[in-house]
Amino acid sequence: NAGVTQTPKFQVLKTGQSMTLQCAQDMNHNSMYWYRQDPGMGLRLIYYSASEGTTDKGEVPNGYNVSRLNKREFSLRLESAAPSQTSVYFCASSATGMRTGELFFGEGSRLTVL
Amino acid sequence: QQPVQSPQAVILREGEDAVINCSSSKALYSVHWYRQKHGEAPVFLMILLKGGEQKGHEKISASFNEKKQQSSLYLTASQLSYSGTYFCGTPTNTGNQFYFGTGTSLTVIP
């Protein structure tokens, strides 16, 4: 029972470098999400994908891009990393949408941008 | 947009009760509750839907006042395992955004 799997779990980048966070779920969920968590700020939605083939911006999308590769996978890309993007990133999925669906989270990816 | 939770932090002894409040400035369709232990991912506890339907945890209860746009989480006879940060979450009515609350740190001591 893997649930939601994120890679990598830890990453250190220099300012201006790019990277992609990978997320895969094996629960056949339609919806997938990317959140970032900063101390004192709680969890904030970056992007979400309500179903395969669709993506939409969340609360804090600037500096990020996403790809819903198929029903299982949803990746988050930082094209030119900035220190302000130092955070813990969580991928989540749900069988239904955000109004009624339980969110299942991955273990998180801890990103530091120097 | 972000729901406000109170208190910010609470310390309990095992067996004591606690109430965590969540308040929104927007009309609520549903309220979700999650618990996050240090260094781990948030885990779903409960969802309360408009109309009173409640789904979730056996030992933790909650209320949802749609008119006041508020929800409260009730933890009774707390156990050490209840320690963590509790977040409420509220979707927009269109369901295209989901806002987590500011969080409440709960510590249960022996």
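What counts, and at which threshold
Residues numbered from 1 in each chain as written. Chains lettered and ligands numbered in written order. Predicted model: local features only at pLDDT ≥ 70, side-chain atom pairs only at ≥ 80, totals over all residues. Heavy atoms only, no water. Core = buried A, V, L, I, M, F, W, Y, C linked by side-chain atoms within 4.5 Å. Buried < 20%, exposed > 50% of the residue type's maximum accessible area, 1.4 Å probe, protein only. Contact = heavy atoms within 4.5 Å. Pairing = 2+ DSSP bridges. Helix = DSSP H or I, 4+ residues; strand = E, 2+ residues; numbered from the N terminus. Axes fitted to C-alpha atoms, helices over the stretch in contact; angles between N-to-C directions. Disulfide = S-S within 2.5 Å. Polar contact = N/O pair within 3.5 Å; in protein donor to acceptor, adjacent residues only side chain to side chain. Buried area = accessible area lost by both parts, 1.4 Å probe. Salt bridge = Lys/Arg side-chain N within 4 Å of Asp/Glu carboxyl O. Nonpolar A, V, L, I, M, F, W, Y, C, P; charged D, E, K, R; others polar.

What should I look at first to understand the nonpolar core in this one?
As a rule of thumb, nonpolar side chains are buried together in soluble globular proteins. Counting 21 residues, the largest nonpolar core has W33, L73, L75, Y86 and L106 of chain B as its most contacted members. Apart from the residues within four sequence positions on either side, Y86 of chain B is in contact with Q5, I20, Y34, R35, L45, L73, L75, G103, T104 and L106 of chain B.

What's the story with the sheet that holds strand β7 (residues 60-65) of chain B in this structure? I'm lost.
Strand pairs in the sheet, formed through backbone hydrogen bonds, run parallel or antiparallel to each other. Residue and element names in this part refer to chain B. With respect to topology, 4 strands assemble into an open sheet ordered β1-β3-β8-β7, the strand pairing being antiparallel. The strands lining the two open edges of the sheet, one partner per strand, are β1 (4-6) and β7. Sheet twist, expressed as the mean angle between neighbouring strand axes with direction ignored, is 15 degrees. Here β1 pairs with strand β3 (residues 18-23) via 3 bridges, running antiparallel. Within β3, the position partnered with V4 by the bridge is S23.

I tried to follow the pairing of strand β7 (residues 64-68) of chain A on my own but got confused; where do I start?
Consecutive side chains of a regular strand alternate in pointing toward one face of the sheet and then the other. Residue and element names in this part refer to chain A. By the alternation rule, side chains of β7 split into Y64, V66 and R68, which are all buried, and N65 and S67, of which none is buried. In the sheet, β7 pairs with strand β8 (residues 74-78) via 5 bridges, with the strands oriented antiparallel. Bridging from a neighbouring strand, N65 pairs with R77 of β8. A loop of 5 residues connects β7 with β8, the two strands running antiparallel in sequence.

How do you make sense of the state of the cysteines when you look at a structure like this?
Residue and element names in this part refer to chain B. On inspection of all chains with the given rule, the structure shows 2 disulfides over all chains. Disulfide pairing places C22 opposite C88 at an S-S distance of 2.1 Å. Its torsion about the S-S bond being 70 degrees, the disulfide of C22 and C88 is classed as right-handed. Of this pair, C22 sits in strand β3 while C88 sits in strand β9 (residues 84-91), and the two are 66 residues apart along the sequence. In this structure C88 comes out as buried when scored by relative accessible area, which is 0%.

In this structure, what is going on with the side chain of S30 of chain B? I would like to understand it.
Among the secondary structure elements, S30 of chain B is positioned in strand β4 (residues 30-36). A polar contact of 3.2 Å, which involves the side chain of S30 of chain B, links it to the side chain of H32 of chain B. When neighbours within four sequence positions are excluded, S30 of chain B is seen to be in contact with R99 of chain A together with I47, L48, L49, F64, G89, T90 and P91 of chain B.

Please clarify how the interface of chain B and chain A should be interpreted in this entry.
A common measure of how large an interface is: the accessible area buried when the components associate. Each partner contributes to the interface: chain B provides 26 residues, whereas chain A provides 21 residues. In total, chain B and chain A occlude about 1800 Å² of area from one another, counting both sides; carbon and sulfur atoms represent 56% of this. In this assembly, chain B and chain A are joined by 0 salt bridges. Secondary-structure elements contributing two or more residues to the side of chain B that touches chain A are β4, β5 (43-49), β9 and β10 (98-100) of chain B. Broken down by element, the residue count for the side of chain B that touches chain A peaks at 4 residues, all from β4 of chain B. The class makeup of the residues in the side of chain B that touches chain A is 12 nonpolar, 12 polar and 2 charged.

I tried to follow the pattern of salt bridges on my own but got confused; where do I start?
Two side chains that carry opposite charge are able to pair once their charged atoms sit near each other. Residues and elements named next belong to chain A. Applying the stated criterion across every chain yields a total of 4 salt bridges over all chains. E79 is the salt-bridge partner of R77, the closest N and O atoms lying 3.2 Å from each other. The network of salt bridges with common partners includes R36, D38 and R44.

How do you make sense of the sheet that holds strand β1 (residues 4-7) of chain A when you look at a structure like this?
All names here are of chain A. One open sheet holds the 4 strands; their spatial order is β1-β3-β8-β7, and the pairing between them is antiparallel. Strands with a single pairing partner mark the edges of an open sheet, and in this sheet they are β1 and β7. Within this sheet the neighbouring strands show an average axis-to-axis angle of 15 degrees, counted without direction.

Spatial relationships are all this shows, so hold off on functional conclusions.
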